[in-house]
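# Close look at the chain arrangement
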Amino acid sequence: MSNEKFMDVAIDLSDDNFDKNYGGPFGACVVKDGEIIGKGINRVIKNNDPTAHAEVVAIRNACKKLETYDLSGCELYTSCYPCPMCLSAIIWANIKKVYYANTKEDAADIGFRDDYIYDYIDKLADGQVDKRVLNLKSMNREEALEVFEEYKKDKDKITY
């Protein structure tokens, strides 16, 4: 199957999802060695789960099929540029190549607020904390560090 065919699958999933109204019109698939190993549609509304974006669902399905948390060597095809959460999930999954159709500007044009998060991240990187968006407060660090210290010493740990 060609790159275009894999993208067609992602776009068809987004169209099908639009008809079902499970969430936004987004679809994605994870491919390894020329085979689709995970598909996903946006299921935010259907699952009452704000993390159930098409890319995350596709990653979860691919990991389940391969019985691994590491999708090195896989590619992701998605009907729209991934939001910040999905970009993070893609990076955590070790996917190094992503093909997308619609842009983040296209998503904004139909009412999705990814730009709101991108703006927050940019301001945070510049040292500006907007507590109206998210109020982060550190507490009980000493107790939590004890667990981290034990983890650091564990010779059987699996670091991902």
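Figured I'd write up the structure that's included with this text. Counting of residues starts from 1 at the beginning of each chain's written sequence and follows it residue by residue. With pLDDT at 70 or above as the cut-off, local features in this predicted model cover only qualifying residues; side-chain atom pairs require 80 or more to be listed or tallied, and sums for whole chains, interfaces and linings still use all residues. Side-chain descriptors were evaluated using all non-hydrogen atoms of the structure, hydrogens and water having been removed beforehand.

A count of helical and extended segments in the protein chain gives 7 helices and 4 strands. Its C-alpha atoms give the protein chain principal-axis dimensions of about 50 × 40 × 30 Å. Contacts were defined at the residue level, with two residues in contact if any of their heavy atoms lie within 4.5 Å. Long-range pairs, those at least 24 residues apart, make up 49% of the contacts in the protein chain with a sequence separation of at least 6. Total accessible area computed for the protein chain in this model is approximately 10900 Å², and 52% of it derives from carbon and sulfur atoms. To qualify as a helix, a DSSP run of H or I must reach at least 4 residues; to qualify as a strand, a run of E must reach at least 2; elements of each kind are numbered from the N terminus. Methods summary: accessible areas were calculated by the Shrake-Rupley approach with a probe of 1.4 Å, and residue burial reflects only the protein chains presented.

Attention now moves to unusual backbone geometry. For Asp33, which is not glycine, the phi dihedral falls at a positive 50 degrees. Summarising the element assignment, Asp33 is placed in the loop between β1 (27-32) and β2 (35-41). Exposure categories follow from relative accessible area, calculated using a 1.4 Å probe and restricted to protein chains: below 20% of the type maximum is buried, above 50% is exposed, and the middle band is partly exposed. Owing to a relative accessible area of 73%, Asp33 belongs among the exposed residues under this scheme. For Asn48, which is not a glycine, the phi torsion comes out positive at approximately 50 degrees. Following the sequence through the fold, Asn48 ends up in the loop between α2 (44-47) and α3 (54-66). According to the relative accessible area criterion, Asn48 is exposed, its value standing at 69%.

This part takes up the nonpolar core. Think of a nonpolar core as a cluster: buried Ala, Val, Leu, Ile, Met, Phe, Trp, Tyr and Cys residues, connected wherever their side-chain atoms sit within 4.5 Å. Ranked by internal contacts, the top residues of the largest apolar core, which has 21 residues, are Val30, Ile59, Leu71, Cys74, Leu76 and Ile95. The set of elements that each furnish at least two residues to this core consists of β1, α3, β3 (74-80) and α4 (84-92). Here this core takes 6 residues from α3, the largest share from any one element. The residues contacting Ile95, other than those within four sequence positions of it, are Ile59, Leu71, Cys74, Glu75, Leu76 and Ile90. The next biggest cluster of nonpolar side chains, apart from the first, holds 9 residues, and it includes Phe6, Leu13, Val31 and Ile41.

Turning our eyes to something else, we now look at the sheet that holds β2. At least two bridges found by DSSP between two strands is the condition for calling them paired. The strand order across the open sheet built from 4 strands is β2-β1-β3-β4, with neighbouring strands paired in mixed fashion. Taken across any chain shown, the strands that pair with only one partner, and hence form the sheet edges, are β2 and β4 (97-102). Each adjacent strand pair in this sheet contributes to an overall mean axis angle of 15 degrees, direction not counted. Where β1 meets β3, 5 bridges bridge the pair, whose relative direction is antiparallel. Looking at β3, one finds that Val30 is bridged to Leu76. Here an axis means a line fitted to C-alpha atoms, over the contact stretch when the element is a helix, while the angle between two N-to-C directions is reported on a 0 to 180 degree scale.

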